[in-house]
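Residue-level structural notes
Each chain, written out:
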Amino acid sequence: MMKNILVTGGAGFIGSNFVLYMLKEHKDICLINLDKLTYAGNLENLKGIEGDTRHVFVQGDIGDAVLVGELFKKYDIDSVVNFAAESHVDRSIENPGVFAQTNVMGTVNLLSCARKAWEQEDGSYPKGVKFVQVSTDEVYGSLGETGFFTESTPLCPHSPYSASKASADLFVMAWHDTYGLPVNITRCSNNYGPFQFPEKLIPLMIHNACHKKNLPVYGDGLNVRDWLYVEDHCKAIDKVLRGGATGEVYNVGGHNERTNIDIVKKIIGLVNEKVDKSVDETLIQYVADRKGHDRRYGIDPEKIQKALGWSPETAFEDGIERTIRWYLDNDEWLQDVTSGAYMEYYEKMYKNR
Ligand code: NAD
Ligand code: TYD
């Protein structure tokens, strides 16, 4: 069956990786890519599929009811994968309003449009329609030294970002429980890989190390994140889209927990080996901690492994080398996204920290 999938945020980091992956893997799909092109969206990420008639790019806001309604009609959309979001915790601490607007109200609009397009007179939905919400493990809050997040861990978000994502998740489940909309939610751990905007830990450290700039580590550097290579996340979403049981949540992660300082030291080692022998640990600068900084995230991925046969394929050692290689090979991309507004952001966020 031909699938007409509305992918939102498909010019951002994970969204663009998903678009490229899906077009590579599936012949019989058409992707309608709706992206507002905020600072985090970049059409350069989609250069590799220029001219592919199975991909249509539309610049616009997921909160625009008229536009989204038109897209459902025009392209006979039968699935939605919602990546579009404001995604950076530090920005959410500075400017939370836009996180509520896009992540909560934008998702509510997509849900309303999906229901309007799909709900039949008797309240049922055609076979095969599906709304997938791409969420995050951050909705569960912070772990102590032991244990993992499962799908039944209570939501306990701390940052404005995670609060907005948790709210969106609740609206998605409300549309399922109230209107019967066929939905899934995925909650993945931290991603890394090509096209990630250098405000996030890994690309920021790669960029700074390559330019021999200080490497700003928040607090004591011992916060733990559970890292997954972005293509493994894309594969998980594809499996959920095609095989997820209606109304279910799936956690996605690969048991790859690392402290931030270990990640930074790993990047220093690789940049030293591959780029510049003078790059070393003296670049590390401990800076003021993030407000409300979650200590540890760790995913239990057993449900998606058992139910959908997903497991991560890229080992961290390979993934991080590939990622550094990608940034080195795509210096122009990195230069483009780190000029102009990025410089102002960096100054504001890190200057007197
Ligand atoms: P990103 O910031 O790189 O990309 C977000 C994209 O959404 C951009 O292309 C941006 O232009 C677009 N966008 C923002 N507001 C929009 C709006 N109102 N309408 C339409 N498009 C809009 O984010 P990412 O890291 O690729 O994350 C994608 C999704 O995955 C997010 O929902 C995020 O919460 C979730 N997630 C991210 C991670 C991670 O480690 N990055 C982990 C788990 C889940
Ligand atoms: P980040 O990439 O922003 O992802 P998230 O906050 O969504 O997990 O940050 C990952 C970890 O790295 C987090 O514990 C904060 C820390 N961090 C730093 O120490 N320095 C930095 O400059 C950044 C951006 C993050």
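So, here is what we can say about the structure in this document. (Residues numbered from 1 in each chain as written. Chains lettered and ligands numbered in written order. Predicted model: local features only at pLDDT ≥ 70, side-chain atom pairs only at ≥ 80, totals over all residues. Heavy atoms only, no water.)

1. Side note on helix 12 (residues 341-350)
Looking at helix 12, one finds that the buried residues are Tyr342, Tyr345, Tyr346, Met349 and Tyr350. One side of helix 12 carries all its buried residues, which in axial view fall inside an arc of 100°. Within helix 12, the exposed residues directed more than 90 degrees away from the buried face are Ala341, Met343, Glu344 and Lys348. Turning to helix 12, the residues buried within the fold contact helix 3 (89-94), helix 6 (201-210), strand 8 (215-218) and helix 11 (331-337). (Buried < 20%, exposed > 50% of the residue type's maximum accessible area, 1.4 Å probe, protein only. Helix = DSSP H or I, 4+ residues; strand = E, 2+ residues; numbered from the N terminus. Arc of directions from axis to C-beta. Contact = heavy atoms within 4.5 Å.)

2. Concerning the pattern of salt bridges
Side chains carrying opposite charge are able to pair once their charged atoms draw close together. Under the criterion given, the structure shown has 21 salt bridges. Among the salt bridges present, the one from aspartate 220 reaches arginine 295, with a minimum N-O distance of 2.9 Å. Linking aspartate 220 in the loop between strand 8 and strand 9 (224-229) with arginine 295 in the loop between strand 12 (284-287) and helix 9 (302-308), this pair joins segments that are 75 residues apart in sequence. Judged by relative accessible area, aspartate 220 falls into the partly exposed class, the value being 37%. Glutamate 313 serves as the salt-bridge partner of lysine 235, at 2.6 Å between the closest nitrogen and oxygen. With lysine 235 in helix 7 (residues 230-243) and glutamate 313 in the loop between helix 9 and helix 10 (316-329), this residue pair connects regions lying 78 residues apart in the sequence. By relative accessible area, lysine 235 is classed as buried at 16%. Exposure remark for glutamate 313: the relative accessible area of 58% places this residue in the exposed category. One continuous salt-bridge network, built from bridges that share partners, spans Lys24, Glu231, Lys235 and Glu313. (Salt bridge = Lys/Arg side-chain N within 4 Å of Asp/Glu carboxyl O.)

3. Some words on the site of ligand 2
With respect to spatial proximity, 19 residues lie near ligand 2, and among them Glu138, Arg225, Arg290, His293 and Tyr350 are the closest. Within the backbone of leucine 201, a nitrogen or oxygen atom sits 2.8 Å from an oxygen atom of ligand 2. At 2.8 Å, a side-chain N or O of tyrosine 350 approaches an oxygen atom of ligand 2. In isolation ligand 2 has 520 Å² of accessible area, and contact with the protein removes 97% of it. At the level of secondary structure, the elements contributing two or more residues to the shell around ligand 2 comprise helix 6 and strand 8. In the shell around ligand 2, the residues fall into 9 nonpolar, 5 polar and 5 charged. (Near = heavy atom within 4 Å. Polar contact = N/O pair within 3.5 Å; in protein donor to acceptor, adjacent residues only side chain to side chain. Areas by Shrake-Rupley, 256 points an atom, 1.4 Å probe, with all protein chains shown as cover. Nonpolar A, V, L, I, M, F, W, Y, C, P; charged D, E, K, R; others polar.)

4. Some points on the environment of glutamine 120
Among the secondary structure elements, glutamine 120 is positioned in the loop between helix 4 (97-118) and strand 5 (130-136). Of the residues examined, glutamine 120 reaches a relative accessible area of 36% and is grouped as partly exposed. Taking the C-alpha atoms as reference points, glutamine 120 and valine 279, 159 residues apart in sequence, are found 62 Å from one another.

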